[in-house]
Amino acid sequence: MASEIKMPQFGLTMTEGVIAQWLKKEGDPVKPGDPLYVVETDKLTNEVEAEVEGVLLKIVQPEGAEVPVQGVIAIVGAAGETVESAPAAAAASTVPAAPVADTAPTAGEDMSKAGPGSTASPAGGRIKASPLAKKIAAREGVDLTAVTGTGPGGRIVEKDVRVAASGQTGGVPRQARSAPEAAPAPKADAVVVTGQPVRRQRLSAMRRAIARNMTASWTTAPVVGYNRSVDVTALGELKKTLSTDGRKISYTDILCKLVTNVLQDFPYVNSSLDGDDVIFHDYVNLGVAVALDDGLVVPVIRDAQSKGIGAISDAVRDMAKRARSGELTPDELSGGTFTITNLGMFGMESFSPIINQPESAILGVNTIVKQPVEMPDGSIVMRPKMNLSLTADHRTVDGAVAAQFLARVATLIENPWQMLL
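Residues numbered from 1 in each chain as written. Predicted model: local features only at pLDDT ≥ 70, side-chain atom pairs only at ≥ 80, totals over all residues. Heavy atoms only, no water.

A. How the structure looks around the overall build of the protein. Of regular secondary structure, the protein possesses 7 helices and 20 strands. Within the protein, the fraction of its 421 residues that count as buried is 46%. By sequence separation, contacts in the protein at least 24 residues apart represent 64% of the contacts at least 6 residues apart. With the model as given, the accessible surface of the protein reaches about 20700 Å², and the carbon-plus-sulfur share is 54%. (Helix = DSSP H or I, 4+ residues; strand = E, 2+ residues; numbered from the N terminus. Buried < 20%, exposed > 50% of the residue type's maximum accessible area, 1.4 Å probe, protein only. Contact = heavy atoms within 4.5 Å. Areas by Shrake-Rupley, 256 points an atom, 1.4 Å probe, with all protein chains shown as cover.)

Written as structure tokens, this is what we have:
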């Protein structure tokens, strides 16, 4: 008897998912454990495996379709079985969503360490490419193993495939490809405004979630921004001391530990608001923003107060790596009490991060710039300085509290050995 394949629910907050890519086609045999399709949610991209054995009789929802949780997306049955004998629910329909272009990173921790030119597909390994990049490559006949990824970690993104398809460097020229070319997909309808064409594309599930969450945060919380410049000479010395025996400790690793220590002395900054109640957390679940080529996620280091710098460093790198490969679980992306977002690697000197509700504050980390400083003896020297950008919800965090919190963070940055006291 034919079986329905339904949209799974990844986490309690998931209500819908987008079919990013089908890994099997109609008529293909499937067995439990076979990669069947890729689902894009508001936070993750998940490769879903088949749970039944048979033949993929019917793909009910095509790539790009937005499907509610438990909506039927395909039918698997015995070879030769007709779709008509499958459950009637196969007729369920949703409105397909137009493909969405990959976007540039917006925030994160060490987001682009690999940088442009990194190999996206190590020999014998799985090709690292976004679902949209894979879809375009299949349509255009582009060999992804010959494409150099420019996304985070060397991941192949949409623009890399389009460059390859056009015959430019970074891919196989169109005239040199032997694979048959599929018929071009319909382009998004153009809207003419004063004689100039524009393109209309539907936001991805992740970008729609970002839009909803940021709009809700901005319209809910009366926020105040606080900026403070700090001398990071001592912090740099500590970073150098800790980075031994092949282990690399980043500024963000140390700041995560430092901020976690301070949060325990400022309960309102580590709180959340629920109606007329303030919830004080006796722990620190620290979110560290990570930018992907198609959005932003905030993995959470749980019970950061019980971890040392080394353990925090390991957690930050592991979560950032798994975020880019779509391997994080919903639980790892929820439950934060405070967030750090680092734009220093992009040269930003100041910005106003938006609070990740229901948290009460978020700390932005900026780039390090050498500035002239007058010393006690009257001499002028150049010192490395960094701006900290704190955004706080004024419903729970008064200005004096925010200023005192930031002052304490600054003191520890300039005297990091005090963390040992």
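B. Inspection of the packing of helix α5 (residues 251-263) against helix α7 (residues 399-414) at higher detail. Relative to each other, α5 and α7 sit at 135°, their axes nearing to 10 Å. Judged on the interaxial angle alone, α7 and α5 are oblique. Judged by the sense of rotation from one axis to the other, the crossing of α5 with α7 is right-handed. Judged by residue contacts, Leu255, Leu258, Val259, Val262 and Leu263 of α5 engage Phe405, Arg408, Val409, Leu412 and Ile413 from α7. (Axes fitted to C-alpha atoms, helices over the stretch in contact; angles between N-to-C directions. Parallel < 35°, antiparallel > 145°, perpendicular 65-115°, else oblique. Left-handed = near helix turned anticlockwise from the far one by under 90°.)

C. Quick peek at unusual backbone geometry. In this chain, Gln357 is followed by Pro358 through a cis amide linkage whose omega measures 10°. Tracing the sequence through the fold places Pro358 in the loop between β18 (338-342) and β19 (361-374). Although it is not a glycine, Gln70 sits at a positive phi angle of roughly 75°. For Gln70, the position within the fold is in the loop between β7 (66-68) and β8 (72-77). In the Ramachandran plot, Asp303 falls in the positive-phi region, its phi being about 50° despite a non-glycine side chain. Position of Asp303 relative to the elements: it lies in the loop between β17 (300-301) and α6 (309-324).

D. Here's a closer look at the confidence of the model for the protein. Looking at the protein as a whole, the pLDDT averages 81, with 81% of positions reaching at least 70. Mean pLDDT across the elements of the protein bottoms out in strand β9 (residues 190-193) (54) and peaks in α7 (97). Predicted confidence is poor over residues 85-124, with pLDDT under 50, and the contacts of this stretch with residues over four places away or in other chains come to 115 contacts. (pLDDT = per-residue confidence, 0-100.)

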